[in-house]
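The lines below spell out each chain.
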Amino acid sequence: MEQYSSKVMEHFAHPHNVGEIENADGVGTVGNPVCGDVMRLYIKVDNNTITDAKFKTFGCGAAIATSSMVTDLVKGKTIDDALKISNAAVAEALGGLPKVKMHCSVLAEEALKSALDDYYKKKGIPSPVKMPAETGHEHEGE
Amino acid sequence: MRKVYLDHAATTPAHPKVVEAMMPFFTAKFGNPSNLHDVGREAKNAVEEARSKTAALIGSKPEEIFFTSSGTESNNFAIKGLAQANSQKGKHIIVSQVEHFSVLHPVKTLEKAGFAVTAVPPSREGLVDPAHISKAITKETVLVSVMHANNEIGTIQPIAEIGKITREKGILFHTDAVASVGWIPVDVQALGVDALSLSGHQFYGPKGAAALYVRKGVRIKPQIEGGVQEDGRRGGTENVPAIVGLGKAAEIAAADMGNRAASLTPLRDRLLAGLKQRVPDMFLNGHPERRLPHNVNVSFLYVEGESMLLFLNMEGIYVSSGSACTSRSLKSSHVLSCIGTDAAAANGTLLMTLGTGTSAEDVDYVLEKLPPIVERLRSMSPLYEDVVKSRKKT
Ligand code: FES
């Protein structure tokens, strides 16, 4: 397997924003159909701006690092800007991911979108969130 | 920082005496065993001495040992070579589902070439029931292959009992003993096998030298052709230094055999008992007693294996994982899934294999470092959060 970048290892060893938010404005839990891992993301929203984000992840080093990074990236962003964060942007902010681990960053994007979707639903606003396409979910042989 | 290597099932370091024995064969004694002159003969003699030592370790005759490059090659050679050379008897092969891919994939290839295959499922402990093998046998069955001990979960199979059945029916029987040779006594007569694979780097020999035992009189089709080496069964100039190293490793293992299981078993049990005491929600994979003396395979619920592996690595502890995330294919171990370990638990699996250099202090160091890692990862696991919440409710 390819090695992780030092940035990935930094976020894995000392992840930011681990935990839960009591009475969060949006919670998203997504599972990875490829490897079976699970990510849960909590957001707090004030005035259309994400003021806090926390996560819990059952997954590999890349899954934990992308969780840490995506929560860093969304904090202080407006909902609309947060919706534009892609898995590629998360991976890039981490100095790249090994090819077989790109799907872990998809998990981060999906968790964020799912939390935003939940936010809209809780507010009773029709949700503009489109879940990302199944990119990176390559099924290889043994 | 202490360094604790607990991945001996992946590979072992070569024993210093093995390296010492090998060195002259790179330089002063560089000859090609196929040459008749003195330089060639010196190399030839060394290869034959290694053959005798390897044979002695498993109770075979020297001429029944064929050197190969790896356990994978030995398994490919055995499966394809035996099936192809004896297909006039029938075209049905029986294997267990927990075999290594170097057995399962050649079997798949044969299936595409017209062989029928029965893959017998193991029990929850990973044991293959000889009665199931017996039941699977048809008039067409030409070959049975069941591994001696499983490389992941350490379960030791009832090979001698299966050997009795195959012998009675006149069916060829191969066992992949790559995980067991050098660690527990292996005797081809007692096991009743016709072919057996072993690999040097699995027991303190060098990488690049392995062997296939083939009982005298059993026909096997060469898979590497175009050379007269190894009695025409396996072409290619011999890897003389590595073969010499394998012979030395076999000699050392034979002399040390009583010792190995006796000193490793208590350490293995100390590690397992210590983990059970310190970490809730974990279980052992494989058979509790019928297992390799150096194998601990445990699943920690609600945490993922690669994360554990990476944190352990930071503490100087080197292990393997059965997790989907650590494998290139992102599938969890086929062995764990066949024995019924569910996918999430398989993802939280660590394989720790001790070695002759592992000390009680090493085990205690792991017992000090691993539980907090599991605890930390659980504290950030959504699966654990759900469990804790549902436990509070009830
Ligand atoms: S989340 Fe399983 S491989 Fe990354």
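A quick note: this is a predicted structure, and the numbers were derived from the prediction, not measured. (Residues numbered from 1 in each chain as written. Chains lettered and ligands numbered in written order. Predicted model: local features only at pLDDT ≥ 70, side-chain atom pairs only at ≥ 80, totals over all residues. Heavy atoms only, no water.)

Description of the overall build of chain B
Quick reminder of the rule: Segments assigned H or I by DSSP are reported as helices when at least four residues long, segments assigned E as strands when at least two residues long, and all are numbered from the N terminus. With C-alpha atoms as the basis for the radius of gyration, the globule rule is written as 2.2 Å multiplied by the number of residues raised to the power 0.38. Burial here depends on accessible area, computed with a 1.4 Å probe over protein chains only, as a share of the maximum for the residue type. Under 20% is buried, over 50% is exposed, and the range in between is partly exposed.
Per the secondary structure count, chain B includes 13 helices and 13 strands. A compact globule built from 394 residues would reach a C-alpha radius of gyration of about 21 Å, and chain B, at 22 Å, matches this within 12%. If one aligns the C-alpha atoms of chain B with their principal axes, the spans along those axes are about 80 × 55 × 35 Å. Across the 394 residues that make up chain B, the buried fraction comes to 57%.

Topic: the pattern of salt bridges
All names here are of chain B. The line we're drawing: One side-chain nitrogen of Lys or Arg within 4 Å of one carboxyl oxygen of Asp or Glu is enough to make a salt bridge.
Tallied over the entire structure, the rule returns 31 salt bridges over all chains. Residue R268 pairs with D269 through a salt bridge whose shortest N-O separation is 3.0 Å. With relative accessibility at 35%, the residue D269 sits in the partly exposed group. Taking the shortest distance from any N to any O, the salt bridge between D281 and R391 comes out at 3.3 Å. With D281 in the loop between α8 (240-278) and β9 (282-284) and R391 in helix α13 (residues 382-393), the pair connects residues that are 110 residues apart, well separated along the chain.

Some remarks on the interface of chain B and chain A
Quick note on the threshold: Any pair of residues with heavy atoms lying within 4.5 Å of one another is described as a contacting pair. Within 3.5 Å is the distance limit for a polar contact, defined as a pair of N or O atoms, with the added protein rule that one can donate a hydrogen and the other accept it, and that residues adjacent in sequence qualify only through two side-chain atoms. Under the convention adopted here, Pro, Cys and the residues Ala, Val, Leu, Ile, Met, Phe, Trp and Tyr are nonpolar, Asp, Glu, Lys and Arg are charged, and Gly plus all remaining residues are polar.
The interface is formed by 30 residues belonging to chain B together with 31 residues belonging to chain A. The interface formed by chain B and chain A includes 5 salt bridges. On inspection of chain B and its partner chain A, the count reaches 14 residue pairs in polar contact (both at pLDDT 80 or more). Counting residues per element, the ones that place at least two in the side of chain B that touches chain A are α4 (101-112), α9 (305-314), α11 (343-347), α12 (360-379) and α13 of chain B. Looking at the side of chain B that touches chain A residue by residue, the class counts come to 14 nonpolar, 7 polar and 9 charged.

Describing a nonpolar patch on the surface
Residues and elements named next belong to chain B. Threshold: Each patch is assembled from residues with relative accessible area greater than 30% and no salt bridge, linking like charges that lie within 9 Å and nonpolar side chains (Val, Leu, Ile, Met, Phe, Trp, Tyr) that lie within 5 Å. Method for areas: the Shrake-Rupley scheme with a 1.4 Å probe, in which residue coverage is limited to the protein chains shown.
On the surface, a cluster of nonpolar side chains totalling about 280 Å² of accessible area is made up of V19, M23 and F26. Tracing the backbone through its elements, the reader meets M23 in the loop between α1 (16-22) and α2 (38-58). Taking the relative accessible area as the measure of exposure, M23 reaches 46% and is therefore partly exposed.

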